[in-house]
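Results of the structural survey
Each chain, written out:
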Amino acid sequence: MTTAETWPYLEIHQSRTREPSPYEYKLAATLEEVFTKDGHELADVVRGLNARQVHAPDGAPWTEGSFRAEMHRLGA
């Protein structure tokens, strides 16, 4: 028996309840770029988002607190 036969198939978006918004797509794409070019530490992420002018939902620059809150809201 192969691994594929023993493990159930996982749908990659199985926990998604709706299609991501344009804001969420833009944030995700920018986060990938930040992780690739700037680093993985929270300060790096906040600095990278602000440098690219991808702001928090309220239009304000990111802070570590606002980024944590947004990730919590998005379920990340």
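Up top is the structure.
Remember, predicted model here, so these are calculated numbers, not experimental data. (Residues numbered from 1 in each chain as written. Predicted model: local features only at pLDDT ≥ 70, side-chain atom pairs only at ≥ 80, totals over all residues. Heavy atoms only, no water.)

**Focus on helix H2 (residues 22-37)**
Given 3.6 residues to a turn, an α-helix orients residues that are three or four positions apart in the same direction. Between the first and last C-alpha of H2 there are 23 Å, a value that for 16 residues agrees with the 22 Å anticipated at 1.5 Å per step. Regarding H2, the residues found buried are Glu24, Leu27, Thr30, Leu31 and Val34. On an axial view of H2, the arc spanned by its buried residues comes to 130°, and they lie on one face. Exposed and facing more than 90 degrees away from the buried side of H2 are Pro22, Glu32, Thr36 and Lys37. One or two steps after H2, the chain reaches Gly39, where phi turns positive at roughly 130°. (Helix = DSSP H or I, 4+ residues; strand = E, 2+ residues; numbered from the N terminus. Expected span 1.5 Å × (residues − 1). Buried < 20%, exposed > 50% of the residue type's maximum accessible area, 1.4 Å probe, protein only. Arc of directions from axis to C-beta.)

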